[in-house]
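# Residue-level structural notes
Residue-level listing of the chains:
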Amino acid sequence: MLKLPGLIDPHVHVREPGATHKEDWDTVTQAALAGGVTTLLAMPNTKPPIFDEATLTLALDAANAKARCDYGQYIGAGPDNADIAAALAPKAAGLKMYLDSTFGELRLDDMTLWMPHFQTFPKLAPMVMHAESRTLAAAILFSTIYDHPVHIAHVSLKEEILLIKAAKEKGIKVTCEVCPHHLFLSTEDIPAISHEHPGRGEVRPRLATKEDVHSLWTNLDVIDCFATDHAPHTLLEKDGENPPPGFPGLETMLPLLLTAVDDGRLTVEDIRQKLHNNPKRIFNLPEQPETWVEVDENAIYEIKATESFTRCGWTPFEGWKVKGRVTKVVLRGKTAFEDGKVLAEAGYGKNIRR
Ligand code: DOR
Ligand code: ZN
């Protein structure tokens with residue numbers, strides 16, 4: 001039996017408020033526990049988005065009533081909420097800035113809209129950027145100009161990981177995360193994922209080339225955290241018109257990483273660092289006393305969506321053979337998951353900023 005600390009996933013799309021047919025605070029925290037995750041940080045691109053006191057309260061009230069593991073909630077950076085976001089910083093996981101894509105009200109059309117957030121958001125509070133390719137270079141420049149550490153979400157490209165490596169070597173305060181789907185999948189896997197439904201292969205950032213994937217593996221030391229970017233959408237939506245991008249990932253992350261350990265591509269120490277120690281430090285998370293994850297390292301099995309807790313009902317890793325199963329999760333002294341069953345009750349989860 002292998003014992004791990006409670007894992008921290010700093011990038012999860014919970015979907016509540018607004019899209020609970022995809023996922024809600026109950027199902028997402030069940031999926032988290034089944035995956036060995038005892039703390040998740042929730043993204044603000046819900047409906048409505050989380051960008052002020054009223055919407056933050058909406059999300060936190062739902063979490064307080066339903067979450068089965070610990071959690072934090074990000075505030076989204078909008079075009080005119082810098083003062084409000086800064087005032088709410090103590091109650092939030094951090095500030096999420098969508099610098100590339102347009103996400104409803106969380107739209108930052110030009111760089112003048114980034115400035116007030118960099119000027120106002122508290123120095124010690126985490127700022128997370130969705131900043132791909134050349135936008136990443138701009139985000140790093142902002143970080144140095146305004147002397148505010150930034151955390152780069154879902155790094156997927158060779159040019160991105162090399163730029164972050166170079167920035168770190170210069171002493172710039174940048175950290176980053178990589179998602180399992182960008183480590184284990186490339187554009188070459190899209191046909192197998194799609195099954196004639198191209199929407200199933202859609203995710204942002206997109207799956208990248210084999211060379212990009214290889215560059216992430218050869219620069220593991222530059223990667224501070226693993227994060228799922230768990231983005232559940234139903235199969236009906238993925239297979240319909242205008243398929244939304246996103247993959248679920250909470251239940252498959254640890255089995256995939258443990259399989260990579262078995263293959264000699266990763267160490268258990270990497271998992272401890274990138275899924276516990278580093279995110280705990282970067283996101284200023286409190287200690288979870290009497291908390292651990294037990295893993296049967298030798299269990300070999302196939303990933304099946306039918307055996308998962310997420311409401312979305314599918315996985316891009318369907319049928320993958322993995323080695324390593326979560327057998328038990330103890331969270332703050334209570335057995336929260338054991339032998340395939342979630343035992344923590346709805347409402348047991350605590351806000352990490354309380
Ligand atoms: O694939 C993605 N899905 N990328 C994002 O940035 C958003 C996410 C979502 O919310 O579905
Ligand atoms: Zn995301």
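Our structure's up above, just so we're on the same page.
About the thresholds
- Residues numbered from 1 in each chain as written.
- Chains lettered and ligands numbered in written order.
- Predicted model: local features only at pLDDT ≥ 70, side-chain atom pairs only at ≥ 80, totals over all residues.
- Heavy atoms only, no water.
- Buried < 20%, exposed > 50% of the residue type's maximum accessible area, 1.4 Å probe, protein only.
- Helix = DSSP H or I, 4+ residues; strand = E, 2+ residues; numbered from the N terminus.
- Near = heavy atom within 4 Å.
- Polar contact = N/O pair within 3.5 Å; in protein donor to acceptor, adjacent residues only side chain to side chain.
- Areas by Shrake-Rupley, 256 points an atom, 1.4 Å probe, with all protein chains shown as cover.
- Nonpolar A, V, L, I, M, F, W, Y, C, P; charged D, E, K, R; others polar.
- Pairing = 2+ DSSP bridges.

## Focus: helix α11 (residues 253-262)
Most of α11 is tucked away, with 8 of its 10 residues classed as buried. Among the residues of α11, M253, L254, P255, L256, L257, L258, T259 and A260 are the ones counted as buried. Among the residues trailing α11, G264 stands out with phi positive, at a value near 80°.

## Focus on the site of ligand 1
The environment of ligand 1 is made up of 11 residues, and the closest members are R15, N45, R204, H233 and P245. A distance of 2.8 Å is found between an oxygen atom of ligand 1 and a backbone nitrogen or oxygen belonging to R204. One nitrogen or oxygen atom from the main chain of G246 is found 3.3 Å from an oxygen atom belonging to ligand 1. If ligand 1 stood free it would expose 290 Å²; the protein chains cover 96% of that surface. Residues of the shell around ligand 1, tallied by class, amount to 4 nonpolar, 5 polar and 2 charged.

## Quick notes on the sheet that holds strand β1 (residues 2-5)
If you walk across this open sheet you meet the 5 strands as β1-β11-β12-β13-β14, and the pairing is antiparallel. Lying at the two open borders of the sheet, with one neighbouring strand each, are β1 and β14 (341-342). Here strand β13 (residues 334-338) pairs with β14 via 2 bridges, running antiparallel. The residue bridging E338 from the neighbouring strand is K341, located in β14.

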